[in-house]
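Understanding the architecture of this molecule
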Amino acid sequence: MANHHAVIEKNIGLMIVLILVAVSFGGLAEIVPLFWQKATTEPISTLRPYSALEMAGRDVYIREGCHVCHTQMVRPLRAETERFGDYTVAGEDVWEHPFLWGSKRTGPDLDRVGLRPITEQWHREHLRDPRALVPESNMPAYPWLQHATVDWSTMARTLKVFQQQFGVPYSDQDIEAQMAKVGGEWADATEEDALVAYLLSLGQARREQRP
Amino acid sequence: MSDFWSFYIIAIVVLNLVGCAFLLFANLRMTPEETRSETTGHSFDGIQERNQPLPRWWLYLFVLTLLFSVVYLVLYPGLGRFGGLLNWSSVSQWQEEVAWVNKQTEPLFEQFAKVPIEELHAYPETRDVGGRLFANNCALCHGSDARGAKGYPNLTDDDWLYGGSAEAILTSIRDGRHGQMPPMAAAVGGTDQAVRDMALYVQSLSRPAIKDKPEVAASVERAAPRFAVCAACHGQDARGNQALGAPNLTDGVWLHGARLEDIETTIREGRSSRMPPHESVLSEERLHVLAAYVYGLSQP
């Protein structure tokens, strides 16, 4: 065969195109079909959308970078299911935007933490001062969350975006009901209240059901 | 997976392999003119690039990777809907792993279940198995050394809120506990001074020496008759009531702290401490081993 590769080696534009073609094969075969598979696009039947309070807690979770130390993804390995609970399936996370799977476990996985026999009281004390309860812990303390009230100004918009852009099945009445609570019983909720509500909601969709 | 996507994936995977093989073999052969010359004709600062074929072993490695992928695709999932001859999936692997471990551990747990907690605690296995169960389920509240934290009782001492018998411990773990004391400020007189008097009285029960100070002695004297409202739960002698989980106030062991402020807070605001039930998360056999582990912690 003639020295055809010289053609590629001497033409950087062509080389870039061919490299892109070469590396796209993996994604084309492994990722693209997932966009059309039921298992990855359909929620499990017990999934319910976050309440406004849980959504606010989720925002705090993201803002404080909890996902940097905590995963929300139990893999199908015995050691993990023994410790954390049932392994995570894709249908649990179809309404997660962005998903919070994380990639590093400095602390334990939290995908099922709402199912663990841990009291709300413990969560609060632990967030204020982890080392008061777990002396070995290197988790940062978040004492200000108990004093900061939730900033509700963007919540109506957030819920609308989740409804309209992300296809989360909030009905208009749902959003109204949530916003009524935001104006009522949750008006003075602290960020700690919201975060703890979010933590306690994690895993609830899998309380009884195994897919 | 639909026919279309299955075919789509198979097509890409096969195309990829064939393409790799083609590139490899197409580049093996050299033109006669290339074969003749010793160099590629490239020259940098007078340094000539030699023209050598790939070493054979290197080539065979390439071929080996191609063969490997073919064998892999026959045995494991990779070609669309075809699941591979081994029928492997990450879920089936997990199920096998769980079944395998259960097969090893079930007989052990069954054996343990037959031994009464009062004997089981001395088995070395109890320390291993129970210790792991404890680390996983209980350490976050009671501490990895089981010595507790403020509001979470120490399980290694001989001081029990609900009793240290095997039965009481098992009940605590399985069904949970909820220790409640209502706010008592009003009942002791309502004023800050009255609360302080009562706190000093409670403190003096385990540290009589503080009464050496005359002003403390006066406080204690004022509070003593009012302790009647506490006695309903903590007992006339203040030695507690295990049916209610009301702590013994005379032993110097404190659940919510030994400082005067801690005791005042308890009296003013009351307390509500929950030990969650573990019945739904741990099997009866595991609860048995855990109870034996906890029982053993305070045995000499």
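Located above this text is the structure these notes cover.
A brief structural summary. (Residues numbered from 1 in each chain as written. Chains lettered and ligands numbered in written order. Predicted model: local features only at pLDDT ≥ 70, side-chain atom pairs only at ≥ 80, totals over all residues. Heavy atoms only, no water.)

Some details on the overall build of chain B
The test is simple: Helix and strand definitions here come from DSSP, where helices need a minimum of 4 consecutive H or I residues and strands a minimum of 2 consecutive E residues; each element is numbered from the N-terminal end. Buried residues are those whose accessible area, probed at 1.4 Å on protein chains only, stays under 20% of the maximum for their type, while exposed residues exceed 50% and partly exposed ones sit between those limits. Contacts: residue pairs with any heavy atoms within 4.5 Å of one another. The accessible surface values rely on the Shrake-Rupley method and a 1.4 Å probe; as for residues, cover is taken only from the protein chains in view. Just so you know, the count uses Lys and Arg for positive and Asp and Glu for negative, and it drops His and the chain ends. Just so you know, the charge point we use is NZ for Lys, CZ for Arg, CG for Asp and CD for Glu.
Each helix and strand counted, chain B has 13 helices and four strands in total. Considering only C-alpha atoms, chain B reaches an extent of 115 × 60 × 45 Å along its principal axes. The buried share of chain B, taken over its 300 residues, is 37%. Long-range contacts, defined here as pairs at least 24 residues apart, represent 61% of the contacts in chain B between residues at least 6 apart. Only carbon and sulfur atoms are counted for the fraction: they give 59% of the accessible area of chain B, which is about 17900 Å². Within chain B, the 34 negative side-chain charges are centred at a point lying 3 Å from the centre of the 25 positive side-chain charges.

So, the pattern of salt bridges
Residue and element names in this part refer to chain A. The line we're drawing: By definition here, a salt bridge exists when the distance from a side-chain nitrogen of Lys or Arg to a carboxyl oxygen of Asp or Glu is within 4 Å.
This structure, assessed with the given rule, holds 29 salt bridges over all chains. Its salt-bridge partner being R63, residue E191 comes within 2.8 Å of it at the nearest N-O pair. Pair noted here: E191 is in helix α11 (residues 191–201) and R63 is in helix α4 (residues 52–63), with a separation of 128 residues, a long-range link. Judged by its relative accessible area of 47%, R63 falls in the partly exposed class. Residues E92 and R206 are paired through a salt bridge, measuring 2.4 Å at the closest nitrogen-oxygen approach. Within this pair, whereas E92 is found in the loop between α6 (78–84) and α7 (120–128), its partner R206 is found in the segment after α11, the two being separated by 114 residues in sequence. Taken together, the salt bridges that share partners define one network made up of D86, E92, D111, R112 and R206.

Re the interface of chain A and chain B
Worth spelling out the cut-off: Distance and chemistry together define a polar contact, namely a pair of N or O atoms within 3.5 Å, with one atom able to donate a hydrogen and the other to accept it when in protein, and with adjacent residues in sequence counting only for side-chain atoms on both sides. Amino acids are sorted into nonpolar (Ala, Val, Leu, Ile, Met, Phe, Trp, Tyr, Cys and Pro), charged (Asp, Glu, Lys and Arg) and polar (every other residue, Gly among them).
Contacts between the two partners involve 30 residues from chain A and, on the opposite side, 32 residues from chain B. Our count for the chain A to chain B interface comes out at one salt bridge. Between E82(A) and R286(B) there is a salt bridge, with the nearest N and O atoms lying 2.7 Å from each other. Across the contact surface, chain A and chain B share eight residue pairs in polar contact (both at pLDDT 80 or more). Put simply, the parts of the chain that give the side of chain A that touches chain B at least two residues each are α2 (12–30), α6, α7 and α8 (130–133) of chain A. Its residues placed into classes, the side of chain A that touches chain B shows 18 nonpolar, six polar and six charged.

Thoughts on unusual backbone geometry
Glycine aside, residues mostly have negative phi, and peptide bonds are mostly found in the trans state. For the bond running from H97(A) to P98(A), omega is -5°, close enough to zero to count as cis. With respect to the helices, strands and loops of the structure, P98(A) is situated in the loop between α6 and α7. Of note, A238(B) is a non-glycine position whose phi angle comes to about 65°, a positive value. Inspection of the secondary structure puts A238(B) in the loop between α11 (228–234) and α12 (260–269).

Overview of the nonpolar core
Test applied: As used in this record, nonpolar core signifies buried Ala, Val, Leu, Ile, Met, Phe, Trp, Tyr and Cys residues forming a set joined through side-chain atoms within 4.5 Å.
Y61(A), W122(A), W152(A), M155(A) and Y170(A) are the most contacted members of the largest nonpolar core, which has 49 residues in total. Sorting the residues of this core by element identifies α4, α7, α9 (155–164), α10 (172–183) and α11 of chain A together with α7 (139–142) of chain B as the ones contributing at least two each. Those residues in contact with Y170(A) that lie beyond four places of it in its chain are P49(A), Y50(A), M55(A), L159(A), F162(A), Q163(A) and I175(A). I117(B), C138(B), A166(B) and I173(B) belong to the second-largest nonpolar core, a separate cluster that totals 24 residues.

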